[in-house]
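Here's the letter readout for the chains.
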Amino acid sequence: MLAGYGHLLRAADRLRWDESDLDLSGDAEAWPKLPKYLRVPLSRLLAGFCVAERAVSDHLEPFEASSQDPEQRACFAAQADDERRHARFFDRVLSEVLAIDPDTQARDLAGAGVVELFEHTLPARALDLAEGRC
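All values reported here derive from a predicted model rather than from experimental measurement. (Residues numbered from 1 in each chain as written. Predicted model: local features only at pLDDT ≥ 70, side-chain atom pairs only at ≥ 80, totals over all residues. Heavy atoms only, no water.)

Notes on the overall build of the protein chain
Convention followed: The helix count covers DSSP runs of H or I at least four residues long, the strand count covers runs of E at least two residues long, and both are numbered beginning at the N terminus. Only protein chains enter the accessibility calculation, which uses a 1.4 Å probe; a residue is then buried when its area is under 20% of its type maximum, exposed when over 50%, and partly exposed in between. We call two residues contacting when some pair of their heavy atoms lies within 4.5 Å.
Counting its regular elements, the protein chain contains seven helices and zero strands. Tracing the protein chain from N to C terminus, the helices and strands come up as α-α-α-α-α-α-α. Dimensions of the protein chain, computed from C-alpha atoms along their principal axes, come out at roughly 50 × 35 × 25 Å. Burial statistics for the protein chain: of 134 residues in total, 33% are counted as buried. Of the contacts formed within the protein chain by residues at least 6 apart in sequence, a portion of 76% connects residues at least 24 apart.

What follows is the structure, encoded as structure tokens:
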């Protein structure tokens, strides 16, 4: 049972982590040793996370702004901070482990469905909310 927004805020503060503290060198060393039949779908999945986390971090503000509850607004702000951290982490994974450029290759690798959902549908819904259409 969810104890309320205050509970979520305390959990967010307690569970904060720093993506730059994670050592990905072992992952980078192990990656090329994985068979191709595993690397291909994992690459697509990781690229999808890269696209999704960037988009979510970019489009949470209207949800925060539309909230009437101060603790709910604070939860959206904490979530946006966490999503930015996730985005930085997956950028690192693509760059340091998969050895691909997250800025130029993640979208193509993630696939059209992920791009449609996170770069078109989500921004459109966030804009609708920001402009009071939902």
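Observations concerning the packing of aromatic side chains
Spelled out, the test is: Note on aromatic pairs: the rings of Phe, Tyr and Trp (six-membered ring only in Trp) are paired at centre separations within 6.5 Å, and the planes decide the class, stacked below 30 degrees, edge-to-face beyond 60, tilted for the rest.
Overall, the coordinates contain four aromatic pairs when judged by the stated rule. Ring geometry for tryptophan 17 versus phenylalanine 89: centroids 5.9 Å apart, planes at 80 degrees, classification edge-to-face. Taken as a pair, tryptophan 17 in the loop between α1 (5–14) and α2 (25–30) and phenylalanine 89 in helix α5 (residues 70–97) lie far apart in primary sequence, 72 residues in all. Look at tryptophan 17 and you get partly exposed, because its relative accessible area is 30%.

Some words on the pattern of salt bridges
Any two side chains of opposite charge can pair, given that their charged atoms come close. What counts here: Only one rule defines a salt bridge in this text: a Lys or Arg side-chain nitrogen within 4 Å of an Asp or Glu carboxyl oxygen.
Applying the stated criterion to the full structure yields 13 salt bridges. A salt bridge links arginine 85 to aspartate 81; the shortest N-O distance between them is 3.6 Å. Here aspartate 81 and arginine 85 lie together in helix α5, a separation of four residues that amounts to about one turn. Across the salt bridge formed by arginine 133 and aspartate 128, the nearest N and O atoms sit 2.8 Å from each other. According to the relative accessible area criterion, arginine 133 is partly exposed, its value standing at 49%.

Quick notes on a nonpolar patch on the surface
Let me state the cut-off plainly: By definition, no residue in a patch forms a salt bridge, and every one has over 30% relative accessible area; like charges are joined within 9 Å, nonpolar side chains (Val, Leu, Ile, Met, Phe, Trp, Tyr) within 5 Å. Only the protein chains shown count as cover for residues, with accessible areas throughout obtained via the Shrake-Rupley method and a probe of 1.4 Å.
The grouping of Tyr37, Leu38, Leu42, Leu45 and Phe49 at the surface amounts to a nonpolar patch, some 470 Å² of accessible area in total. Turning to its location among the elements, leucine 42 is positioned in helix α3 (residues 36–59).

Re the side chain of glutamate 53
Convention followed: Only four residue types enter the tally: Lys and Arg on the positive side, Asp and Glu on the negative side; His and the chain ends are excluded.
Considering the arrangement of structural elements, one finds glutamate 53 in helix α3. Buried charged residue glutamate 53 carries no salt bridge. Nearest counter-charge: arginine 85, at 9.6 Å.

Re the packing of α3 against helix α7 (residues 112–130)
Stated precisely, the cut-off is as follows: Orientation is described by lines fitted to C-alpha atoms, with helices fitted over the stretch in contact, and by angles between N-to-C directions that extend from 0 to 180 degrees. Any angle that is under 35 degrees is reported as roughly parallel, and any over 145 degrees as roughly antiparallel; angles of 65 to 115 degrees are reported as roughly perpendicular and all others as oblique. Residues were grouped as follows: Ala, Val, Leu, Ile, Met, Phe, Trp, Tyr, Cys and Pro as nonpolar; Asp, Glu, Lys and Arg as charged; and all remaining residues, including Gly, as polar.
At their nearest, the axes of α3 and α7 sit 9 Å apart, and the two run at 5 degrees to each other. In this view, α3 runs roughly parallel relative to α7, as classed from their interaxial angle. Along its contact with α3, which presents Gly48, Val51, Ala52, Ala55, Val56 and His59, the element α7 presents Val114, Phe118, Glu119, Leu122, Pro123 and Ala126. The residue makeup of the contact of α3 with α7, split by class, is nine nonpolar, two polar and one charged.

Side note on the nonpolar core
Selection rule: Here, nonpolar core means buried Ala, Val, Leu, Ile, Met, Phe, Trp, Tyr and Cys residues that are tied together by side-chain atoms lying within 4.5 Å of each other.
Grouped together as the largest cluster of nonpolar side chains are 15 residues, with contacts concentrated most on Leu46, Val93, Leu94, Val97, Leu98 and Ala106. Elements supplying a minimum of two residues to this core: α3, α5 and α6 (102–110). Looking at which element gives the most residues to this core, the answer is α5, with five residues. Leave out the neighbours within four places in its chain, and leucine 46 touches Phe90, Val93, Leu94 and Leu98.

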